[in-house]
Amino acid sequence: MGDKLAINGGPKTVNKEFIWPIYDASDVNAVTEIVQSGKWGNPDCGDEVAKFEQEFADYCGSKYAITCVNGSVSLRLALIACGVKPGDEVIVPPYTFITTASSVIECNCVPVFVDIDPDTYNISPAAIEAAVTERTKAIIPVHFGGLACDMDAIMDIAIRHNLHVIEDAAHAHGAEYKGKKLGSIGDVGSFSFQSSKNLTSGEGGIVITNDDELYAMMRSLRNVGRIEGGQWYDHYNPGCNYRITQMQAVLLSQQLKRLEAQTQKRNDNGLYLNQLLSEIKGITPLSRDEAISLHCYHIYIVKYDSTAFGGLSRNDFAAMLAAEGVPSFKGYPHPLYKQPLFQNKNFMCYAIPEYVDFTQVHCPNAEQACSSDAVWILQHAMLGEKEDMEAFANAILKIQQAVS
C-alpha cells in the first residue's frame, strides 16, 4: 500500500496553484486607457476591435476575422452565412459542449450526431461519410481538447458531397494540423474567448475565413444586418447586435502576444506527460499522429482502465486525482444526444421536423468515454514545468498503489 490518499486526509502530491488567466500590468494599462478614453463601445468596428481582428486573422493565416459576443454565436453566424435552411442536416460529434449542436437547432436545422474515434475522441471521418444524406449541408468537426481532427479526410468528404466545413476550434487556439493553424482549413473557423479558453477576455468569440462572401455576410449578421458602405440605419440581413467592446478587444490583443509561447509550452508538456504516463498501466493518453504539428492541450485527456486500479471506478479515480492537487475532472457525464434538450425534443420556437427523434441515437465510443474512460487535465495545468508533469504522474501512481 502507498501513502495515504489526499482524499482520505493524506498529503497532496501536487501543492502548486496553477493560475488562470495570466496577466500583468500591460493588460491592466491597456484596458485602463480604453476606460479613460470614454470610447468603450463598438458601434461600427471600433479601432481596437478592427486591430485585434486583423491580428488574429494574421496569426491564423486567414484573410478575414469577425469578432462576436461568444463562441456559440460564432457558430450560428457561420451556419447562417453558409446558407443552411430549415430542416437541413448538420453533422456534429456528440462528445463536445452543447453549443456545437444547439447552434444548429438555433438555425432551424437538425444536428446529426456521429461517433468519435476511440483513440482521439475527435469525430470519425468514416462515421461522417456514413451519415451524409441529400439533406446534409455542413459538417462541424470539433478539434476536441485542442487535438486536430483528420482534416484531410473531412475536407475530402466535404468536397465530394458539396458540403460546408465549419471548424469548431473553441479549444484549439494556436494548434496546428500539418503546419496550418486550426480554424483556417475549412470554410469557416469558430473560436471562443470564454474564461477557461487558451485565449480569453472573459467572454467573446470570433470567426475566420478566406471567403469574401462568407466574410461579408458574417460581418453583416454580427452588426444588425448592416453592410459595408451602407447607411447606419439601413439593415439588409436578419442580424443582431453581436459586437464585442473595445475593452475586450484590447485585452485580447494583449493576451494574443503570449499565445504562441504558451501553446508551445503546453505542447512540450503534453509530449513529456505522454512519455511519463505511457509507463503506467491502465492510463493511455489520446493518440496524436504526425499530422498534429502543434497541440495546444486545452484539455489533456487520458483513457482510464479500472482493471489496472483494482476495479476503482473512473468517477472515484477522477475525484482522487483532483484531491491530490491535479487540476482534473471526469469530463462530460453523457453524450449530447442524451441531454434533456434532445431526448425531450424541447425545441420551443425552432422549426425542427416532427420526424426527428434522438432517443434511438447510439454512439458507443462517445458513451464509453463519458461513462467510464475519459479523465481530463485542464489547460492551465499544462503551463506548468516539467516537474509538475512528473508530479501529475506521481499522483496517478500514488492512487494506483493505494487501491491495488
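For the structure itself, consult the block above.
Described below are features of the structure shown in this document. Throughout, residues of each chain are indexed from 1 in the direction in which the sequence is written. Given that the model is predicted, a residue must reach a pLDDT of at least 70 before its local features are reported, and side-chain atom pairs must reach 80 or more before they are shown or counted; all residues, however, enter totals for whole chains, interfaces and linings. Side-chain metrics in this entry use all non-hydrogen atoms of the structure; hydrogen atoms and water are not considered.

**Here's the deal with the packing of aromatic side chains**
- Aromatic pairs are defined between Phe, Tyr and Trp rings, using the six-membered ring for Trp, whenever the two ring centres lie within 6.5 Å; interplanar angles under 30 degrees are classed as stacked, those over 60 as edge-to-face, and all others as tilted. Per the stated rule, a full pass over the model turns up 24 aromatic pairs.
- With a centroid separation of 4.5 Å and an interplanar angle of 15°, the aromatic rings of tyrosine 304 and phenylalanine 317 are classed as stacked. Linking tyrosine 304 in strand β11 (residues 299-304) with phenylalanine 317 in helix α9 (residues 314-323), this pair joins segments that are 13 residues apart in sequence.
- For tyrosine 304, a relative accessible area of 3% gives the class buried.
- Through successive ring pairs, a cluster of aromatic residues spans Tyr95, Tyr121, Phe144, Phe329, Tyr332 and Trp376.
- As a reminder, the over-ring test applies to NZ of lysine and CZ of arginine, requiring each to be within 6 Å of the ring centre and within 35 degrees of the ring normal. The ring of tryptophan 232 has arginine 226 lying over it, and the distance from NZ or CZ to the ring centre is 3.3 Å. Where helices and strands are cited, they refer to DSSP runs of H or I of at least four residues and of E of at least two residues respectively, numbered from the N terminus. Note on exposure labels: buried denotes an accessible area under 20% of the residue type's maximum, exposed denotes more than 50%, and partly exposed covers the range between, all computed with a 1.4 Å probe on protein chains only.

**Here we look at the packing of helix α8 (residues 246-277) against helix α12 (residues 386-403)**
- Whenever a helix is involved, its axis is fitted only over the stretch in contact; in every case the axis is a line through C-alpha atoms, and angles between N-to-C directions fall within 0 to 180 degrees. Between α8 and α12, the shortest axis-to-axis distance is 10 Å and the interhelical angle comes to 35°. For the pair α8 and α12, the sense of crossing is right-handed. Here α8 contributes Asn269, Tyr272, Leu273, Leu276 and Leu277 to the contact with α12, which in turn contributes Lys386, Met389, Glu390, Phe392, Ala393 and Ile396.
- In terms of residue class, the contact of α8 with α12 is built from eight nonpolar, one polar and two charged. By convention, the crossing between two helices is left-handed when the near helix turns anticlockwise from the far helix through less than a right angle, and right-handed when the turn is clockwise. Only heavy atoms enter the contact rule, under which two residues are in contact if any of them lie within 4.5 Å. Under the convention adopted here, Pro, Cys and the residues Ala, Val, Leu, Ile, Met, Phe, Trp and Tyr are nonpolar, Asp, Glu, Lys and Arg are charged, and Gly plus all remaining residues are polar.

**Things to note about helix α2 (residues 47-60)**
- Over its 14 residues, α2 runs 20 Å from end to end, which matches the ideal 20 Å to within 8%, given 1.5 Å per residue.
- Those residues of α2 that sit buried are Val49, Phe52, Glu53, Phe56, Ala57, Tyr59 and Cys60. Seen along its axis, α2 keeps its buried residues to an arc of 160°; they face one direction. Exposed residues lying more than 90 degrees from the buried face of α2 are Asp47 and Asp58.
- Contact partners of the buried residues in α2: β1 (64-68), β7 (180-181), β8 (188-192), β9 (205-209), α7 (212-222) and α8.
- Phi turns positive, to about 75°, at glycine 61, one or two residues after α2. Here, expected helix span is obtained from the residue count minus one, scaled by 1.5 Å. Along the arc lie the directions from the helix axis toward the C-beta atoms.

**Observations concerning the nonpolar core**
- Note on terminology: a nonpolar core comprises buried Ala, Val, Leu, Ile, Met, Phe, Trp, Tyr and Cys residues joined through side-chain atoms within 4.5 Å. Counting residues in each nonpolar core, the largest one holds 52 residues, and the members touching the most others are Tyr95 and Met218.
- Tyrosine 95 has contacts with Ile116, Tyr121, Phe144, Tyr332, Ala366, Ala369, Cys370, Ala374 and Trp376, leaving out every residue within four places of it along the chain.
- In terms of nonpolar packing, the next biggest core, distinct from the first, is built from 45 residues, Ala57, Ala158, Phe191 and Ile244 among them.

**Here we look at α12**
- In a regular helix each residue adds 1.5 Å, so 18 residues correspond to 26 Å; α12 covers 26 Å between its end C-alpha atoms and thus fits that length.
- For α12, the set of buried residues is Asp388, Met389, Ala391, Phe392, Ala393, Ala395, Ile396, Lys398, Ile399, Gln400 and Ala402.
- On its buried side, α12 packs onto α8, β10 (283-285), α9 and β13 (374-378).

**Observations concerning the sheet that holds β8**
- Each pair of strands is called paired provided DSSP finds at least two bridges between the two strands. Strands sit in the order β1-β9-β8-β5-β4-β2-β3 across an open sheet of seven strands; the sheet is mixed. A strand with exactly one partner marks an edge of an open sheet, and here the two such strands are β1 and β3 (110-113). Direction aside, neighbouring strands of the sheet carry axes that sit 25° apart on average.
- Contacts between α2 and the sheet are confined to β1, β8 and β9, with β1 contributing the most and set at about 130° to the helix.
- Where helix α6 (residues 151-161) meets the sheet, it contacts β4 (136-139) and β5 (164-168), and its direction lies at approximately 150° from that of β5.

**Side note on the sheet that holds strand β12 (residues 328-329)**
- Spatially, four strands are ordered β10-β11-β13-β12 in an open sheet, and the strand pairing comes out antiparallel. Strand pairing shows two members of the sheet lacking a second neighbour, β10 and β12, which therefore form its edges.
- Pairing of β11 with β13, which is carried by five bridges, proceeds in the antiparallel orientation. The residue bridging lysine 303 from the neighbouring strand is alanine 374, located in β13.

**Here we look at the packing of α9 against α12**
- It is the contact of α9 with α12, at a shortest axis distance of 10 Å, that shows an interaxial angle of 125°. Classified by the angle their axes make, α9 and α12 are oblique. Where α9 crosses over α12, the handedness of that crossing is right-handed. Here α9 contributes Phe317, Met320 and Leu321 to the contact with α12, which in turn contributes Ala395, Ile396, Ile399 and Val403.
- Residue classes in the contact of α9 with α12 are distributed as seven nonpolar, no polar and no charged. Throughout this description, any angle smaller than 35 degrees is read as roughly parallel, any larger than 145 degrees as roughly antiparallel, any in the 65 to 115 degree range as roughly perpendicular, and the remainder as oblique.

**Focus: the pattern of salt bridges**
- Salt bridge, as used here, is a side-chain nitrogen of Lys or Arg placed within 4 Å of a carboxyl oxygen of Asp or Glu. Following the criterion strictly, the structure yields 15 salt bridges and no others.
- Salt-bridge contacts for lysine 51 lead to glutamate 55; the nearest nitrogen and oxygen are separated by 2.8 Å. In this pair, lysine 51 and glutamate 55 are both assigned in helix α2, four residues apart and thus about one turn of the helix distant.
- Overall, the relative accessible area of 40% leaves lysine 51 in the partly exposed class.
- Assessed through its relative accessible area of 25%, glutamate 55 is described here as partly exposed.

Distances and angles like these do not, on their own, reveal function.
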